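Understanding the architecture of this molecule
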Amino acid sequence: MKKIFVLLLALAFIKAHSQTVDEIIQKYTNAAGGLDNFKKIKTAKFSGTATAQGQEFPLTVQIINGRAMRTDVEVMGQSITNAYKDGKGWKINPFAGAPTATDATAEELNEFKIQGSLISQLMGYKDNGYKVELLGQEDVQGAKAYKIKLTTDDNKITTYFIDANTYFIIKTVGMRNLMGQEMELETFYSDVKDVGNVKMSMMRSVHSGGQTLQEVHFDKVELDVPIDEKIFDKQ
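Presented here is an overview of the structure given in this document. Keep in mind it's a predicted model, so treat the numbers as computed, not measured. (Residues numbered from 1 in each chain as written. Predicted model: local features only at pLDDT ≥ 70, side-chain atom pairs only at ≥ 80, totals over all residues. Heavy atoms only, no water.)

1. Structural notes on the pairing of strand E3 (residues 68–75)
Across the 8 residues that make up E3, a large majority, 7, are buried. Note: strand E2 (residues 55–64) against E3, 6 bridges, orientation antiparallel. If you follow Ile63 over to E3, its bridge partner there is Met69. Connecting E2 to the antiparallel partner E3 that follows it, the hairpin turn spans 3 residues, and Gly66 within it adopts a positive phi of roughly 85°. Here 8 bridges tie E3 to strand E4 (residues 78–85), and the two strands are oriented antiparallel to one another. (Buried < 20%, exposed > 50% of the residue type's maximum accessible area, 1.4 Å probe, protein only. Helix = DSSP H or I, 4+ residues; strand = E, 2+ residues; numbered from the N terminus. Pairing = 2+ DSSP bridges.)

Structure representation (structure tokens):
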């Protein structure tokens, strides 16, 4: 009887201290600076470099929070541009058969729209009506992490890994169409810095099939700076 009583107490202790998926997401949101602070940001400009195949390229990302996004990468004297504003998107990529402004595909448009918000899908899942599910814990590069599956209203699934100590996102996994091929991408996040009243990861490393496809490092982030809306319009 004594052993049973001790076991019951142990189970009660575990249950009392286990966290729900909502509690974990709230702690992540708080650690990043809070949903309200992200909503207050009007614009953001990120400057840095993208590294692929051992080469570094200048990168600029400009965002009107929740409305528009534009990325520009300079590669061997030519520009690769992705842009989105208010439901419309376009791209220029001379290395992929789009030397002039070309309408984004439906999948690209959805991706651009996501990038146009400083509020992550996980942070804003309630407002968007997305589903979340806690899948337990998993080690990510030596760190214990909560594993959370997010499903959007169009059944796109992204798995988030949240550090159990810092509550920052340290990894995401999701499927993405690249050059007409569906690929599973792992993105690792690091180098968290204070930017105004929020925190952001300055380093992002994208992997697939055990290979590093791209690394992005932001060395400067400017919030609430003037951005001309015309730069998001199709050129």
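2. Observations regarding the pattern of salt bridges
With the rule as written, the count across this model stands at 15 salt bridges. Ionic pairing is found between Arg67 and Asp86, a salt bridge with its closest N-O pair at 2.7 Å. Residue Arg67 is located in the loop between E2 and E3, and its partner Asp86 is located in the loop between E4 and strand E5 (88–93); the two are separated by 19 residues in the primary sequence. Of the charged contacts in the structure, one is a salt bridge between Lys156 and Glu107, with a shortest N-O distance of 3.7 Å. Here the residue Lys156 occupies a position in the loop between strand E8 (143–151) and strand E9 (157–163), and Glu107 occupies one in helix H4 (residues 106–115), the gap between them amounting to 49 residues. A relative accessible area of 38% means that Lys156 is categorised as partly exposed. Judged by its relative accessible area of 31%, Glu107 is partly exposed. (Salt bridge = Lys/Arg side-chain N within 4 Å of Asp/Glu carboxyl O.)

3. Focus: the pairing of strand E11 (residues 181–195)
Of the pairings in the sheet, the one linking strand E10 (residues 169–178) to E11 comprises 8 bridges and is antiparallel in character. What sits directly across from Leu178, in E11, is Gln181. Connecting the antiparallel pair E11 and strand E12 (residues 198–208) is a turn made up of 2 residues, with Gly196 showing a positive phi of about 60°.

4. Concerning the nonpolar core
Counting residues in hydrophobic clusters, the biggest one holds 42 residues, and the most contacted among them are Tyr28, Phe38, Phe46, Leu118, Leu122, Ile162 and Met200. Taken together, the elements giving at least two residues each to this core come down to helix H2 (21–32), strand E1 (43–52), E2, E3, E8, E9, E12 and strand E13 (211–223). Sort the elements by how many residues they give to this core and H2 lands first, with 6 residues. Discounting residues that sit within four places of it in the chain, Phe46 has contacts with Leu59, Thr60, Val61, Ile63, Leu118, Met200, Phe218, Lys220 and Val221. (Core = buried A, V, L, I, M, F, W, Y, C linked by side-chain atoms within 4.5 Å. Contact = heavy atoms within 4.5 Å.)

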